[in-house]
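One-letter residues, chain by chain:
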Amino acid sequence: MLTLLFDGVAYGMLLFVLSLGLAVTMGLMNFINLAHGAFAMAGGYVLVLLMQRHGWPFLACLPAAFVATALVGAALERTLYRPMYAKPHLDQVLFSIGLTFMAVAAVDFGMGSSQVNVQTPPWLQGRFELGSGELTLGMGRYRLFIVAVCVALALGLQAILAGTRFGSRLRAAVDDPRVAAGLGIPVDRVFLLTFAFGSGLAGLGGALGVDILGLDPSFPFKFMVYFLIVCAVGGTSSITGPLLAALVLGIADVFGKYYVPKLGGFIVYVLMIAILLWRPQGLFTRESRR
Amino acid sequence: MSARDMSARLLAPARWRAWELALWAAIWATPFVVPQHAALINEIAILALFAVSLDIVLGYAGIVSLGHAAFFGAGAYGAALFAKHVMPDPFVGLAVGTVLGALLGVLTSPMIVRGTDLTRLMVTMGVALVLLELANKFDNITGGADGLQGVVTGPLFGAFEFDLAARTASFYSLAVLFIVFLALRRVVHSPFGVSLQALRDNRLRLASAGMSVNARLAAAYTVGAAVAGAAGALLAQTTGFASLDVLEFHRSADVMLALVIGGAGWLWGGLAGAIAFKVMHDVLSAFTPQYWTFWIGLFLVVLMLAGRERLLRPWTWFGRGAGGGGGR
């Protein structure tokens, strides 16, 4: 019972890191980026490549996955995404689906279509057991590691957004790009950095998730719905919204798959529709935005 | 501008043009000229019908939907189950599929009148996913992942059997497409259709002109759903098979692709897009069977980067691009 809860929390945390970048691009830049999963997949494959072909240690691969996808994200933002910001949502959706198609086919071509696995380092294998009987809490070390990383990330990001000059510039640029530009804020550069950072987070999440979510070329489509649910339900104007939404989704999914395996996805989707009908702007949005 | 000028301007696109008649003649000629490709013609006709239904929802009413497969799937399963358990007559089955699609559209239409583009995207996708899960769960009815087999459709008019070469099927699907096209052509040029386009372009203004926005959105959504249900029913009847595939996400994405290639916002867009998409699919997958999605994706990215303003005025775009038959 508690073990399941813990697994759900770990899963939710992972979803949070994966979707946070999407929440940033979607909420802060008002861009529906369905290609987000492709960045996560890229991060996962960077990890796999570095660990298996080049023998890098696991811990070194995580930052590498972050940096590599952030660079790719920056390059794409510069060249492809920027002209799309001003276009209607339908265009953005189709554009990013197109990108995802390309990414999926390219990875399929380069890496093969089968699922890949990585060997986590020995110190992350095994699990702790606390308590006994009904209330046993079994915590896989790897999941504990994920939770720790994600909590640290969430706290750090909240601090950056709320407390630094960059954070306030970003919020200003999002609220009104024209006025922000008039005040001398380099809006383009702020967006570029934000996009790169969001992609990097996706890459990091993808790398962390290889062991739990599995990784194959269909990854972007398989998890696209989950990312979107986190952002749509959590609202995109804060970090806490997606965090809570991701935790709820993770726990609901793990419990659903355990107790009613055949209805697992069903519950999640019905919940999502119900929440969106109730609060179309998401659960945790400030009313007056946009 | 006087009232007469205005009504003349609104009525002008409703007139049949020579090229439209010529195109329909050409379309009807294809199953006679190339009977060996009857199966492909059937597929294209079904995709075109599906794309036209999305056109009503997306191109005319401006509702961004990533879950249009929900209605397609409802129609397909409805027709298949009806043929299997009740009676095999194709026309009654088609009507059942259409009505099922329409019912589902009525039921879900309150969900799409609220919220932002993102919410609509998620809700439509969610509906399709819920149906997919349900179809998967109730595998004693739907056959689950194996699909629903043993669907036998009776002969058309009691005389023309649905054969393996799909000749009957191609005529049947083309006829349904043609009739629906004629009906929808009337709808989109009616005051209702014009008000839909006004709504798409400026919702606030239409509301302040005293028209009920939500009722119009719901009506358009239902019409689109019904036609999508008909398309699904056609697929189930002509292939004698229905599987979870009819509800999958890629079906919603494919039809949107087809529509966008053809240009949303005019009925020919669905037809042209379906032809272009299928031809592109066939050529590309003959060229690289496994990686054809890469080229579709590339095409989409380039199209989106290069030509939104052309998409808004597809007439100019298609005047050059594919006036001769919709192919690109």
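Residues numbered from 1 in each chain as written. Chains lettered and ligands numbered in written order. Predicted model: local features only at pLDDT ≥ 70, side-chain atom pairs only at ≥ 80, totals over all residues.

Caption draft 1: View of the overall build of chain A. In terms of helices and strands, chain A carries 11 helices and two strands. Listed N to C, the secondary structure of chain A is α-α-α-α-β-β-α-α-α-α-α-α-α in terms of helices and strands. A compact globule built from 290 residues would reach a C-alpha radius of gyration of about 19 Å, and chain A, at 19 Å, matches this within 12%. In terms of overall dimensions, chain A has C-alpha extents of about 65 × 45 × 35 Å along its principal axes. (Helix = DSSP H or I, 4+ residues; strand = E, 2+ residues; numbered from the N terminus. Rg over C-alpha atoms; globule rule 2.2 N^0.38 Å.)

Caption draft 2: Summary view of the overall build of chain B. Across its full length, chain B holds 16 helices and zero strands. Whereas a compact globule of 328 residues would reach a radius of gyration of roughly 20 Å, chain B reaches 19 Å, a difference of no more than 12%. Its C-alpha atoms give chain B principal-axis dimensions of roughly 60 × 45 × 40 Å. Out of the 328 residues belonging to chain B, those deemed buried represent 50%. The contacts of chain B with a sequence gap of at least 6 include a subset with a gap of at least 24, amounting to 79%. (Buried ≥ 20, exposed ≤ 12 C-beta atoms within 10 Å, placed from the backbone. Contact = placed C-beta atoms within 7 Å.)

Caption draft 3: Here's a closer look at helix α11 (residues 213-239) of chain B. Residues and elements named next belong to chain B. Between its first and last C-alpha atoms α11 spans 39 Å; for 27 residues at 1.5 Å apiece the expected length is 39 Å, and the two agree. Counting buried residues in α11 gives 22 out of 27 residues, a clear majority hidden from the surface. Just downstream of α11 lies Gly240, where phi reads positive at about 65°. (Expected span 1.5 Å × (residues − 1).)

Caption draft 4: Quick look at the packing of helix α8 (residues 167-189) of chain B against α11 of chain B. Residues and elements named next belong to chain B. Viewed as axis vectors pointing N to C, α8 and α11 meet at an angle of 175°, and their least axial separation amounts to 10 Å. With respect to their mutual orientation, α8 and α11 come out roughly antiparallel. Residue-level inspection shows Ala169, Tyr172, Ser173, Val176, Val180 and Val187 of α8 in contact with α11, the latter providing Val223, Val227, Ala230, Leu234 and Thr238. Across the contact of α8 with α11, the residue classes tally to nine nonpolar, two polar and no charged. (Axes fitted to C-alpha atoms, helices over the stretch in contact; angles between N-to-C directions. Parallel < 35°, antiparallel > 145°, perpendicular 65-115°, else oblique. Nonpolar A, V, L, I, M, F, W, Y, C, P; charged D, E, K, R; others polar.)

Caption draft 5: Summary view of the interface of chain A and chain B. Across the contact, 36 residues belong to chain A and 35 residues belong to chain B. Listed by contribution, the elements that provide at least two residues to the side of chain A that touches chain B are α4 (89-111), α9 (219-234) and α11 (264-278) of chain A. For the side of chain A that touches chain B, the element with the most residues is α4 of chain A, which contributes 16 residues. When grouped by side-chain class, the residues that make up the side of chain A that touches chain B number 29 nonpolar, three polar and four charged.

Caption draft 6: Summary view of the environment of Phe227 of chain A. All names here are of chain A. When you line up the elements, Phe227 lands in helix α9. Taking C-alpha positions, Phe227 is 20 Å from Val46, a pair spaced 181 residues apart along the chain. Sequence-distant contacts of Phe227, that is, excluding residues within four places in its chain, are made with Leu18, Ser19, Leu22, His36 and Gly37.

Caption draft 7: Broad picture of helix α6 (residues 165-175) of chain A. All names here are of chain A. When α6 is considered as a whole, its buried residues turn out to be Arg169, Leu170, Ala173 and Val174. For α6, the buried positions fall inside an angular range of 130° around the axis, keeping them on one side. For α6, exposure combined with an orientation more than 90 degrees from the buried face picks out Arg165 and Asp175. (Arc of directions from axis to C-beta.)

Caption draft 8: Broad picture of the confidence of the model for chain B. Residues and elements named next belong to chain B. Within chain B, residue pLDDT values average 81, and 91% of them lie at 70 or more. Counted against residues more than four places away or in other chains, residues 319-328, with its pLDDT under 50, gives 16 contacts. Across the assembled chains, the prediction reports ipTM 0.75 with pTM 0.82. (pLDDT = per-residue confidence, 0-100.)

Caption draft 9: Focus on the environment of Asn30 of chain A. With respect to the helices, strands and loops of the structure, Asn30 of chain A is situated in the loop between α1 (2-28) and α2 (36-54). Taking the C-alpha atoms as reference points, Asn30 of chain A and Asp175 of chain A, separated by 145 residues in sequence, lie 10 Å from one another.

Caption draft 10: Seen up close, the packing of helix α3 (residues 58-81) of chain A against helix α8 (residues 187-213) of chain A. All names here are of chain A. Put simply, α3 and α8 touch, their axes get as near as 7 Å, and they point 140° apart. The orientation of α3 with respect to α8, classified from their angle, is oblique. Between α3 and α8 the crossing geometry is right-handed. (Left-handed = near helix turned anticlockwise from the far one by under 90°.)

Caption draft 11: Looking closely at the confidence of the model for chain A. Averaged over chain A, the pLDDT score is 80; the fraction of residues at 70 or greater is 90%. The lowest-confidence element of chain A is strand β1 (residues 127-130) of chain A, averaging 66 in pLDDT; the highest-confidence one is α3 of chain A, averaging 86.

Caption draft 12: Spatial organisation of the environment of Leu247 of chain A. Residues and elements named next belong to chain A. Following the sequence through the fold, Leu247 ends up in helix α10 (residues 240-259). Exposure remark for Leu247: the 19 C-beta atoms within 10 Å place this residue in the partly exposed category. Placed 133 residues apart in sequence, Leu247 and Ser114 show a C-alpha to C-alpha distance of 29 Å.

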